[in-house]
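Residues per chain are reported as follows:
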Amino acid sequence: MPKSAADPAERWMRAALDEARKGVGRTSPNPAVGAVIVRGQRIVARGWHRAAGQPHAEIEALRALPRPELARGATIVVTLEPCSSHGRTPPCTDAIIAAGFARVIYGATDPNPKHVGRAARLLRAAGLEVVEGVLAEECAALNPAFNHWVTTGRPWVIAKWAMSLDGRLNRPPGELPWLTSPAARRHAMPLRAQVDAILIGAGTLRADDPQLTVRGIRGARQPWRVVLTRRGELPADAKLFTDEHRERTLVLRGRTLRGALTELGRRGITSVLIEGGGEILGQAFDQKLVQEVCCFLAPLLAGGSVPAVGGRGIGDLSERLRLRAPNFERIGPDLCLRGLVDA
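Draft legend 1. Seen up close, the overall build of the protein. Helix and strand content of the protein: twelve helices and 13 strands. Expected size for 343 residues packed as a compact globule is a radius of gyration near 20 Å; at 23 Å, the protein falls within 12% of this value. Each principal axis of the C-alpha distribution contributes one length, and for the protein these read about 70 × 40 × 35 Å. In the protein, the proportion of contacts linking residues at least 24 apart, taken out of those at least 6 apart, comes to 72%. Counting only carbon and sulfur atoms, one obtains 51% of the accessible surface of the protein, whose full area is about 16900 Å². Between the averaged position of the 48 positive side-chain charges in the protein and that of its 34 negative side-chain charges there is a distance of 2 Å.

This is the structure in structure tokens:
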């Protein structure tokens, strides 16, 4: 149940959220989760999930205790309902019960329909007090990709592109493939660092020979680089096939975009950044496969026949896509628009 602003549970949960944010972009296919242990009114230990296969936040917090016996009779506060099944690691509910906690407070419920509410039932059956839903919306907002992947089987899709004021991608032959400033390109790097894969079409590979790497972010993992192609006739000397990250390149041949995303979901890829050209972006929007938009607008007019987003377009206004709570940010001479696609 939600708590009032004066309730200390919210203060503790905000501390757990601070811990969870340390793992954003690092834990896939697991969610980012934070935990704190409270004894009396004081936080005595903190923990966060660092990577898939490593200890969950609850276990990290337990290990951070000065003495294990401090858990007895204490409260553990977790941003996500504790796991109750055996995966790469044992169930956290078992560890919580064994440690002797008196109370568990968590924010978001497990989005998996097979698991939702199960932890609360197990913990209550063992005699623990359970408080659910503290800052639930903020906790759920930490892991949109994980939540979407668990419930649909497909990755969370972010459509990213840069265009001129007249909505074009045209560049003079031989020009570098950038319309936006170096500042805008640097701004896009954290977005690449937070996704599991970057997807382009064969046309973009042939035209631009992109690297699709994460640069300038220490400790960032390199996402998968996915090329969608109809026939598979791709240049063997492309950077994606010859650079130091070539083992992180995946070619999907003869798949529809929806089929490709389903295949990526089966591989445990929870988030995809589409950086392709207007054709593949048009397909993504036509098929309503996009959950989030990141668009860079350069202060120039390009003209020409290459639209930033193609596709068949809308038949009437009822089919239009709107962005929920769009955010505009000026980056050097360019403008960046980000927002969630309204379902």
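Draft legend 2. Spatial organisation of unusual backbone geometry. The linkage connecting Ser-28 with the following residue, Pro-29, adopts the cis geometry, with an omega of 10 degrees. Mapped onto the fold, Pro-29 is located in the loop between helix H1 (8-21) and strand S1 (34-39). We note that Leu-135 has phi near 50 degrees; this positive angle belongs to a residue other than glycine. Within the secondary structure layout, Leu-135 lies in the loop between strand S5 (129-131) and helix H5 (136-141). With a relative accessible area of 12%, Leu-135 lands in the buried category. Backbone geometry at Ala-325 places phi at a positive 50 degrees, although glycine is not the residue there. Locating Ala-325 in the fold gives a position in strand S12 (residues 323-331). Assessed through its relative accessible area of 67%, Ala-325 is described here as exposed.

Draft legend 3. Focus on the environment of Phe-146. Along the chain, Phe-146 turns up in helix H6 (residues 144-152). Taking C-alpha positions, Phe-146 is 26 Å from Ala-64, a pair spaced 82 residues apart along the chain. Once residues lying within four places of it in the same chain are set aside, the contact partners of Phe-146 are Pro-29, Asn-30, Pro-31 and Pro-111.

Draft legend 4. Inspection of the sheet that holds S5 at higher detail. Strand order in this open sheet of five strands is S2-S1-S3-S4-S5, and the pairing throughout is mixed. The two strands at the open ends of the sheet, each matched to only one other strand, are strand S2 (42-48) and S5. Between one strand axis and the next, the sheet turns through 20 degrees on average, direction left out of account. Along the sheet face, H1 touches S1, S2, strand S3 (75-80) and strand S4 (103-108) and points at about 140 degrees away from the line of S1.

Draft legend 5. Quick peek at the pattern of salt bridges. Counting across every chain of the model gives 17 salt bridges. Linking Glu-19 and Lys-22 is a salt bridge whose minimum nitrogen-to-oxygen distance equals 3.1 Å. By relative accessible area, which is 7% here, Glu-19 ends up buried. Relative accessible area serves as the criterion here: at 41%, Lys-22 is assigned to the partly exposed category.

Draft legend 6. Quick peek at the state of the cysteines. Per the counting criterion, the structure on display carries zero disulfides. Of all cysteine sulfurs, the one in Cys-83 lies closest to Cys-92, which takes part in no disulfide; the gap is 3.6 Å.

Draft legend 7. Up close: the sheet that holds strand S6 (residues 156-163). In spatial order, the strands read S9-S8-S7-S10-S6-S11-S13-S12; together these eight strands make up an open sheet with mixed pairing. If you trace the sheet from one side to the other, it starts and ends with strand S9 (249-253) and S12, each paired once. The average angle at which neighbouring strand axes cross in this sheet is 20 degrees, direction not considered. Alignment of strand S7 (residues 197-201) against strand S10 (residues 271-274), held across three bridges, turns out to be parallel. In the strand pairing of S10, Ile-198 is matched with Leu-273. Here helix H11 (residues 257-266) sits on the sheet and contacts S6, S7, strand S8 (224-229), S9 and S10; the angle it forms with S9, its principal contact strand, is near 135 degrees. Set on the sheet, helix H12 (residues 278-286) makes contact with S6, S7, S8, S10 and strand S11 (292-297); between it and S6 the angle comes to about 135 degrees.

Draft legend 8. Representation of H6 in the model. The set of residues buried in H6 consists of Ala-145, Phe-146, His-148 and Trp-149. The arc that holds the buried residues of H6, viewed along the axis, is 165 degrees, so those residues lie on one side. For H6, the secondary structure elements touched by its buried residues are S6, H11 and S10. Positive phi appears at Gly-153, one or two residues downstream of H6, with a value of about 85 degrees.

Draft legend 9. Expanded view of the pairing of S3. The element S3 is extensively covered by neighbouring structure, given that six of its six residues are classed as buried. Bridge count between S1 and S3: four bridges; the pairing is antiparallel. Counted as the bridge partner of Ile-37 is Ile-76 from S3. Where the polypeptide runs from S3 across helix H3 (residues 92-99) and back to S4, its parallel neighbour, the crossover connection is right-handed.

Definitions and cut-offs
Residues numbered from 1 in each chain as written. Predicted model: local features only at pLDDT ≥ 70, side-chain atom pairs only at ≥ 80, totals over all residues. Heavy atoms only, no water. Helix = DSSP H or I, 4+ residues; strand = E, 2+ residues; numbered from the N terminus. Rg over C-alpha atoms; globule rule 2.2 N^0.38 Å. Contact = heavy atoms within 4.5 Å. Areas by Shrake-Rupley, 256 points an atom, 1.4 Å probe, with all protein chains shown as cover. Lys, Arg positive; Asp, Glu negative; His and termini not counted. Charge placed at Lys NZ, Arg CZ, Asp CG, Glu CD. Buried < 20%, exposed > 50% of the residue type's maximum accessible area, 1.4 Å probe, protein only. Pairing = 2+ DSSP bridges. Axes fitted to C-alpha atoms, helices over the stretch in contact; angles between N-to-C directions. Salt bridge = Lys/Arg side-chain N within 4 Å of Asp/Glu carboxyl O. Disulfide = S-S within 2.5 Å. Arc of directions from axis to C-beta. Right-handed = clockwise from strand over helix to strand, strands pointing away.

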